[in-house]
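Chain by chain, the residues run as shown.
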Amino acid sequence: MQETVHVGLGDRAYDIHIGPGLLARSGELIAPLLRRQRVAVISDENVAALHLDGLKDGLQAAGIEMVSKVLPAGESTKSWPYLTETVEWLLDQKVERSDVVVALGGGVIGDLVGFAAAVLRRGVRFVQIPTSLLAQVDSSVGGKTGINSPHGKNLVGAFHQPSLVLADTAVLGTLKERDFLAGYGEVVKYGLLGDFEFFQWLEKNASRAAAGDMDARIYAVKRSVEMKAEIVERDETEQGDRALLNLGHTFCHALEAATGYSDRLLHGEGVAIGCALAFEVSARMGLCPQEDPSRIRSHLREMGTKVDLSDIPGDLPDADGLLDLMAQDKKVVAGKLNFILARGIGQAFVTSDVDRDLVRGVLQEALAAR
Ligand code: GLY
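Residues numbered from 1 in each chain as written. Predicted model: local features only at pLDDT ≥ 70, side-chain atom pairs only at ≥ 80, totals over all residues. Heavy atoms only, no water.

Going by the annotation in an unreviewed UniProt entry, the name recorded for the protein is 3-dehydroquinate synthase, with Thalassovita mangrovi given as the source organism. In UniProt, the protein has this text filed under Sequence similarities (unreviewed entry): "Belongs to the sugar phosphate cyclases superfamily. Dehydroquinate synthase family." (UniProt positions renumbered as here; feature names shortened; annotations may be inferred.)

Below you can see the structure in the form of structure tokens.
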């Protein structure tokens, strides 16, 4: 079974294929993009050990030769030194402007390789083969590419859309449970921001998806990607509506900074906690029903992911410290913090009209419950 979502961006349009067994079919799917039967693949150590041979076989089956480079796994690879190493390697491999580069991995590899492709010879095409749930439902789609700077995360980058995305849902079977559940934070975000029915479907079926049910996994990825595609089509470069995808992220970025971007808190876990807090703020402002935050929390609890600040091990700054970190978010525009709030589950909107004292109160209560 395979699903396809089309991202309609004119001359930058592309397909996202979703289903099991896509690595094995990668050759036939990538071949129509190629002028010569050769691709350069970049992956990381963990993913390469599990999936690089599968990709090689899939490409070979269609007569496509592959050269590959394997980088260290982890966030620190998304940095200037590895960008340089990647671009220079691609030049060493004589990758031409009409060639295709393949990113095989999670969000770090997808963002780094996408950016390398964006700047190599002023832009070559690239294919995303996302191997984590988070990358399949979020980072591989929509063309945000980049690296971190000592000044902060994702501060250097470019919009560069992939030419194809292959989301092989069988590959998700090799994820650790914690990584799958962290990716789930981004899945539930889509229901919360724009599709109440999807949230209801997740309440009933997400535990099946987590347990490995392939149909449930395919539907969860497909519906997430459909929603992302629709938002990206409306607002590719985040002048407005694309910011909806940042539901929960202002809190999340502050919590990630407070925990030193360590494995005390994975990005998707921060998104789940951040979504619950955004609904708490919305409820306090009288925007959404009072029962929404607890409904969201009880679903996240049932899934076994992080939900509350008390689920983060170790010390955290006080409410003012967290507010200061939130004010450093790159979504600050003209000194005003843009929040994504909601009028109910599935009805998010962007606003800068949020009272700092109210947010402080929500954070104080959340911290006191630790
Ligand atoms: N991950 C948010 C976006 O792609 O806009």
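### Side note on the state of the cysteines
This model, assessed by the stated rule, comprises zero disulfides. Between Cys252, a cysteine without a disulfide, and Cys275, which holds the nearest cysteine sulfur, the sulfur-to-sulfur distance is 8.9 Å. Taking relative accessible area as the criterion, Cys252 reaches 0% and is therefore assigned buried. Cys275 supplies the cysteine sulfur nearest to Cys288, a cysteine that is in no disulfide, at a spacing of 12 Å. (Disulfide = S-S within 2.5 Å. Buried < 20%, exposed > 50% of the residue type's maximum accessible area, 1.4 Å probe, protein only.)

### Quick notes on the packing of aromatic side chains
The tally for this structure, following the rule as stated, stands at four aromatic pairs. Measuring from centroid to centroid gives 6.1 Å for Phe198 and Trp201, while their planes differ by 20°, and the two rings are stacked. In this pair, Phe198 and Trp201 are both assigned in helix H7 (residues 196-210), three residues apart and thus about one turn of the helix distant. For Phe198, a relative accessible area of 1% corresponds to the buried category. Put simply, the rings of Phe198, Trp201 and Tyr219 pair up and form one aromatic cluster. It is Lys189 that lies over the ring of Tyr190; its NZ or CZ is 4.9 Å from the centre. A cation over an aromatic ring shows up here: Arg343 above the ring of Phe349, its NZ or CZ 3.9 Å from the ring centre. (Phe/Tyr/Trp six-rings, centres within 6.5 Å; stacked < 30°, edge-to-face > 60°. Helix = DSSP H or I, 4+ residues; strand = E, 2+ residues; numbered from the N terminus. Lys NZ or Arg CZ within 6 Å of the ring centre and 35° of its normal.)

### Topic: the UniProt feature "binding site: NAD(+)" (unreviewed entry) in the protein
Within this numbering scheme, the UniProt entry marks Gly107, Val108, Ile109, Gly110, Asp111, Thr131, Ser132, Lys144 and Lys153 as carrying the feature "binding site: NAD(+)" (unreviewed entry). Relative to the helices and strands, Ile109 is located in helix H4 (residues 107-119). Contacts of Ile109, omitting those with residues within four sequence positions, involve Ile42, Ser43, Asp44, Leu71, Ala103, Leu104 and Gly114. For Thr131, the position within the fold is in the loop between strand E6 (125-130) and helix H5 (133-139). Residue class for Thr131 comes out buried when judged on its relative accessible area of 7%. In this structure Thr131 touches Val47, His51, Leu104, Gly105, Gly106, Val171, Leu172 and Leu175, once residues within four positions along its chain are discounted. (Contact = heavy atoms within 4.5 Å.)

### Some points on the packing of helix H6 (residues 177-194) against helix H11 (residues 292-303)
Where H6 meets H11, the axes come as close as 11 Å, and the angle between the chain directions of the two elements is 150°. Classified by the interaxial angle, the pair formed by H6 and H11 is roughly antiparallel. Remark: the crossing between H6 and H11 carries right-handed chirality. Here H6 contributes Leu181, Tyr184, Val188 and Leu192 to the contact with H11, which in turn contributes Ile296, His299, Leu300 and Met303. Taken together, the residues of the contact of H6 with H11 break down into seven nonpolar, one polar and no charged. (Axes fitted to C-alpha atoms, helices over the stretch in contact; angles between N-to-C directions. Parallel < 35°, antiparallel > 145°, perpendicular 65-115°, else oblique. Left-handed = near helix turned anticlockwise from the far one by under 90°. Nonpolar A, V, L, I, M, F, W, Y, C, P; charged D, E, K, R; others polar.)

### Things to note about unusual backbone geometry
Trans is the common state for peptide bonds, and a negative phi is the common state for residues other than glycine. Residues other than glycine seldom take positive phi values, yet Lys94 does so here, at roughly 60°. Relative to the elements of secondary structure, Lys94 occurs in the loop between helix H3 (80-92) and strand E5 (100-105). The exposure class assigned to Lys94 is exposed, which follows from its relative accessible area of 58%. Although it is not a glycine, Glu238 sits at a positive phi angle of roughly 55°. With respect to the helices and strands, the residue Glu238 is situated in the loop between helix H8 (214-234) and helix H9 (249-258). For Glu238, a relative accessible area of 22% gives the class partly exposed.

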